[in-house]
Amino acid sequence: MRIGIGRTVVRRGLCPDGRIGSLQCGRVVADDDRGLLVRAGAGSATVQRVTLDKAPTRSLPPADEMRLPTLAVPSTGQPYGALILAPSEAAHSVWWSFDPGGSFVGWYVNLESPVGRWSGGTDHIDQALDVLVTPDRNWRWKDEFAEQTGQPFFWTEEGAAAVRAEGERMIALAETGAFPFDATWCGFRPDPNWPHTALPWWWDQPGPLPPGDGRTVQRAT
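How each quantity is defined
Residues numbered from 1 in each chain as written. Predicted model: local features only at pLDDT ≥ 70, side-chain atom pairs only at ≥ 80, totals over all residues. Heavy atoms only, no water. Helix = DSSP H or I, 4+ residues; strand = E, 2+ residues; numbered from the N terminus. Buried < 20%, exposed > 50% of the residue type's maximum accessible area, 1.4 Å probe, protein only. Contact = heavy atoms within 4.5 Å. Areas by Shrake-Rupley, 256 points an atom, 1.4 Å probe, with all protein chains shown as cover. Phe/Tyr/Trp six-rings, centres within 6.5 Å; stacked < 30°, edge-to-face > 60°. Lys NZ or Arg CZ within 6 Å of the ring centre and 35° of its normal. Salt bridge = Lys/Arg side-chain N within 4 Å of Asp/Glu carboxyl O. Pairing = 2+ DSSP bridges. Core = buried A, V, L, I, M, F, W, Y, C linked by side-chain atoms within 4.5 Å. Polar contact = N/O pair within 3.5 Å; in protein donor to acceptor, adjacent residues only side chain to side chain.

Asks: So what's going on with the overall build of the chain? Which residues, and what values?
Replies: The helix and strand tally for the chain stands at two helices and 10 strands. By residue count, 46% of the 221 residues in the chain fall in the buried class. A sequence separation of at least 24 residues applies to 56% of the contacts in the chain between residues at least 6 apart. Summed over its atoms, the accessible surface of the chain is roughly 11200 Å², and 55% of this surface lies on carbon and sulfur atoms.

Structure representation (C-alpha cells):
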C-alpha cells in the first residue's frame, strides 16, 4: 500500500531487543518503486533513548546499553534538513543532507537491517557501519563496528561481512555516479506549506500491522 504525499510518517530505529532506540518524524515526498522518500525537516520531532540520568545511550558501549533501563525521550532534529530514501527490503537507507540555507551538502548511507514497513512508516535495526559521500562523490567509512560482532543480540562474523559488502556495493554506485548518487533530488526544495513535523500520537504503536487487526494507526495525517 502506497502512502500519500505529505502524510506524516515515522522512521523508527529499533534496538536488537525490539525497543524503539531512535525515531525521526517526516512527511512523505514520494512512494514508488524506488522506495519511501521522506523529508525530515529541521526542527521536526525526534525521539532518542537515554539512561535514567538522561545520558544518551548512543554514547555507551552496545553491551552496556542493552543491560540498562532506559527511556524514550522526545526532542527536535538538528538545524539541517534531510531527505531519507528507504528502498523496499534493502539493507540500507540513503540520506540527502541540506544545510540551513537549503544547499545540498552530501549523502549519508545508513547500513541497516529492514524490519518492516507499516502504515505509519518504516522500522529498521541499525547495523552501526555507515558511509559518508560528499557532493563530489568522495567517500569514507563511518563508525566501525568490530566491537559488536559476535556479541549477544548483534551480528556474527558472517553477518558483519554481509553488512560491509552492502556498504561496498553502495560505494561502487557512488564512484560511478549512479542513482542515488546522481543529481536526483539534490536540488530539492520542500513545500513551503509544510510545517515542522510533530510527533504523532501513534509513534510507538506496534508495526508492521497486519491488515484488518482493528488498530487505528491508518488515521495518520
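Asks: Can you break down the packing of aromatic side chains residue by residue, with the values?
Replies: Evaluation of the coordinates by the stated rule reveals nine aromatic pairs. Between W139 and W141, the aromatic rings sit 6.3 Å apart at their centres with planes inclined by 85 degrees, giving edge-to-face as the arrangement. We classify W139 as partly exposed; its relative accessible area is 34%. Owing to a relative accessible area of 23%, W141 belongs among the partly exposed residues under this scheme. Seen from their ring centres, F179 and W185 are 5.8 Å apart, and the 70 degrees between their planes marks the pair as edge-to-face. For W185, a relative accessible area of 21% translates into the label partly exposed. An aromatic cluster is defined as three or more aromatic residues linked by ring pairs; in this entry it consists of F98, F104, W107, F181 and F188. R34 extends its terminal NZ or CZ atom over the ring of F179, reaching a point 3.8 Å from the ring centre.

Asks: Hey, could you go over the pattern of salt bridges for me, with residue numbers and the actual values?
Replies: Evaluated as defined, the whole model comprises seven salt bridges. Between D31 and R2 there is a salt bridge, with the nearest N and O atoms lying 3.8 Å from each other. Taken together, the positions of D31 in strand β2 (residues 20–32) and R2 in the segment before β1 (8–14) put the pair 29 residues apart, joining distant regions of the chain. Residue R117 is joined to D31 by a salt bridge in which the shortest nitrogen-to-oxygen separation is 2.3 Å. Here the residue R117 occupies a position in strand β8 (residues 104–118), and D31 occupies one in strand β2, the gap between them amounting to 86 residues.

Asks: Mind laying out the pairing of strand β10 (residues 139–142), listing which residues take part and the relevant values?
Replies: With four bridges connecting them, strand β9 (residues 121–133) and β10 associate as antiparallel partners. Across the sheet, the residue bridging to D130 is K142, located in β10. With antiparallel pairing between neighbouring strands as the criterion, β9 and β10 make up a hairpin whose turn holds five residues, including R137 at a positive phi of roughly 70 degrees.

Asks: Tell me about the pairing of strand β4 (residues 45–51), and name the residues and values.
Replies: In regular strands, side chains alternate between the two faces of the sheet. Across the seven residues that make up β4, a large majority, six, are buried. Examined bridge by bridge, β2 and β4 share three bridges and lie antiparallel to one another. Across the sheet, the residue bridging to S22 is Q48, located in β4. Note: β4 against strand β5 (residues 70–76), seven bridges, orientation antiparallel. Note on β5: the bridge partner recorded for V47 is P74.

Asks: Pulling in residues and values, what's your account of the nonpolar core?
Replies: Within the largest apolar cluster, 23 residues are counted, with the highest numbers of intra-cluster contacts made by L37, L83, W96, W107 and F181. For this core, the secondary-structure elements that each account for two or more residues are β2, β6 (81–86), β7 (92–98), β8, β9 and α2 (157–176). Leave out the neighbours within four places in its chain, and F181 touches W107, V109, V133, R137, M170, L173 and A174.

Asks: An account of the side chain of T197 is requested, with residue identities and associated values reported.
Replies: Positionally, T197 belongs in the segment after α2. Here T197 is in contact with T8, C25, G26, R27, S44 and A45, once residues within four sequence places are set aside.

Asks: A description of the environment of W139 should follow, citing residues and the corresponding values.
Replies: Tracing the backbone through its elements, the reader meets W139 in strand β10. Taking C-alpha positions, W139 is 7.3 Å from I171, a pair spaced 32 residues apart along the chain. Apart from the residues lying within four places of it in its own chain, the contact partners of W139 are V131, L132, V133, I171 and E175. A polar contact of 3.1 Å, which involves the side chain of W139, links it to the side chain of E175.

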